[in-house]
Amino acid sequence: MEGKEAIIAKIIADAENKAQEIVHAAETYAVSVKEQADAWAKNYSAEQENALKNEIAEMVARRKIVAELDVKKVVLKAKQDAIDEVYARAERKLCKADKKTYLSIVLQKIEEFADDGDEVVLSQDGVLSEKDISESEVFKNKKLSVSKTIGKFVGGVMLVGKVSDKNLTFNEIIRAEKEKNAPIIAKKLFG
């Protein structure tokens, strides 16, 4: 039996050696896989961190652009409001002008735009009367008439004609002036 026991002992020893080799190979493989996984995870984490930093930088840049645009909009709105206020003050000054100046402006506009036979509609502010208009040279030359109906506007006059009507209200005069000269006024106000 000694031979049998020796064979069994040899088989067991070979099996134990083989088992140790397999365990050692498995441990070596596990260490290698773990190192590869750690390296991949580290690399992936670094890539994700860089991507996140880039995304944050882009987001901040976009927000800055939007903020700059918003600031420009606010500044532009303030400038437009200032220009609107300049023209609103000009209109108020025209409406509050002394009667001689007021009449002079109205008659100048009537002379410039009236066609023969137009009807003059006075404003509801009551500064001018039918007599003020009818005594003027332009009234007689262009054979104008004064409407018995008062217009629903303040400042200036309206001309009602056979072919077309003309808005000569101070509001319209100022609006036309604004369209023509707003860039010049803006340059003077804001440089």
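Rules and cut-offs
Residues numbered from 1 in each chain as written. Predicted model: local features only at pLDDT ≥ 70, side-chain atom pairs only at ≥ 80, totals over all residues. Heavy atoms only, no water. Patch = residues over 30% accessible without salt bridge, like charges linked within 9 Å, V, L, I, M, F, W, Y side chains within 5 Å. Areas by Shrake-Rupley, 256 points an atom, 1.4 Å probe, with all protein chains shown as cover. Salt bridge = Lys/Arg side-chain N within 4 Å of Asp/Glu carboxyl O. Helix = DSSP H or I, 4+ residues; strand = E, 2+ residues; numbered from the N terminus. Polar contact = N/O pair within 3.5 Å; in protein donor to acceptor, adjacent residues only side chain to side chain. Contact = heavy atoms within 4.5 Å. Phe/Tyr/Trp six-rings, centres within 6.5 Å; stacked < 30°, edge-to-face > 60°. Pairing = 2+ DSSP bridges. Axes fitted to C-alpha atoms, helices over the stretch in contact; angles between N-to-C directions. Parallel < 35°, antiparallel > 145°, perpendicular 65-115°, else oblique. Left-handed = near helix turned anticlockwise from the far one by under 90°. Nonpolar A, V, L, I, M, F, W, Y, C, P; charged D, E, K, R; others polar. Expected span 1.5 Å × (residues − 1). Buried < 20%, exposed > 50% of the residue type's maximum accessible area, 1.4 Å probe, protein only.

Asker: What is the right way to read a nonpolar patch on the surface from this model?
Answerer: A grouping of Leu 52, Ile 56 and Val 60 is seen on the molecular surface, where their side chains present a nonpolar patch of about 260 Å² in accessible area. Tracing the chain through its elements places Ile 56 in helix H1 (residues 2-96).

Asker: Before we go on, may I ask you to explain unusual backbone geometry in this structure?
Answerer: In terms of backbone geometry, most residues other than glycine have negative phi values and most peptide bonds are trans. Unusually for a residue other than glycine, Lys 143 sits at a positive phi of about 55 degrees. Residue position: Lys 143 is located in the loop between helix H4 (137-141) and strand S2 (145-146).

Asker: What's the story with the side chain of Ser 147 in this structure? I'm lost.
Answerer: Looking at the element boundaries, Ser 147 is found in the loop between S2 and strand S3 (156-160). Within polar-contact distance, the side chain of Ser 147 engages the backbone nitrogen of Thr 149 at 3.0 Å. The contact partners of Ser 147, leaving out residues within four places of it in the chain, are Glu 119, Val 120 and Val 121.

Asker: Would you explain the packing of aromatic side chains in this entry?
Answerer: Between two aromatic rings, the relevant description is the distance of the centres plus the angle of the planes. Under the criterion given, the structure shown has two aromatic pairs. On the basis of an interplanar angle of 65 degrees and a centroid distance of 4.8 Å, the ring pair of Tyr 102 and Phe 170 is categorised as edge-to-face. Residue Tyr 102 is found in helix H2 (residues 99-113), and its partner Phe 170 is found in helix H5 (residues 170-190); the two are separated by 68 residues along the sequence.

Asker: Is there a simple way to think about the pairing of strand S1 (residues 119-122) in this case?
Answerer: Consecutive residues of a regular strand have side chains that alternate between opposite faces of the sheet. Where S1 and S2 come together, two bridges link them in parallel fashion. Looking at S2, one finds that Val 120 is bridged to Val 146. The pairing of S1 with S3 spans four bridges and is antiparallel. Opposite Leu 122, over in S3, you have Val 157 as the bridge partner.

Asker: How do you make sense of the pattern of salt bridges when you look at a structure like this?
Answerer: According to the stated counting rule, one finds 17 salt bridges in the structure shown. One salt bridge in this structure joins Lys 53 and Glu 49, with 3.8 Å as the shortest N-O distance. Here Glu 49 and Lys 53 lie together in helix H1, a separation of four residues that amounts to about one turn. It is possible to trace a salt-bridge network through shared partners that takes in Glu 85, Arg 89 and Arg 92.

Asker: I keep staring at the packing of H1 against H5 and nothing clicks. Help me out?
Answerer: Packed helices, taken two at a time, are described by the angle their axes make and the gap between the axes. Two numbers describe how H1 lies on H5: the axes approach to 9 Å, and their chain directions differ by 135 degrees. If you check the angle between H1 and H5, you find them oblique. Seen from above, H1 lies across H5 with right-handed handedness. Residues Lys 79, Ala 82, Ile 83, Asp 84, Val 86, Tyr 87, Ala 90, Glu 91, Leu 94 and Cys 95 of H1 lie in contact with H5, whose contacting residues are Phe 170, Asn 171, Ile 174, Glu 177, Lys 178, Asn 181, Ala 182, Ile 185, Ala 186, Leu 189 and Phe 190. Taken together, the residues of the contact of H1 with H5 break down into 14 nonpolar, two polar and five charged.

Asker: Teacher, can you tell me more about H2 here?
Answerer: For an α-helix, 3.6 residues make a turn, and residues three or four places apart therefore share a direction. Between the first and last C-alpha of H2 there are 21 Å, a value that for 15 residues agrees with the 21 Å anticipated at 1.5 Å per step. Residues Tyr 102, Leu 103, Ile 105, Val 106, Leu 107 and Ile 110 constitute the buried set of H2.

Asker: What am I meant to see in the sheet that holds S3 here?
Answerer: Pairing is mixed in the open sheet, where four strands are placed in the order S2-S1-S3-S4. The open sheet has two edge strands, S2 and strand S4 (166-169), and neither has a second partner. Relative to the sheet, H2 contacts S1, S3 and S4, its axis offset from that of S3 by approximately 25 degrees. Most of the contacts of H5 go to S4, to which it runs at about 95 degrees, and overall it touches S3 and S4.

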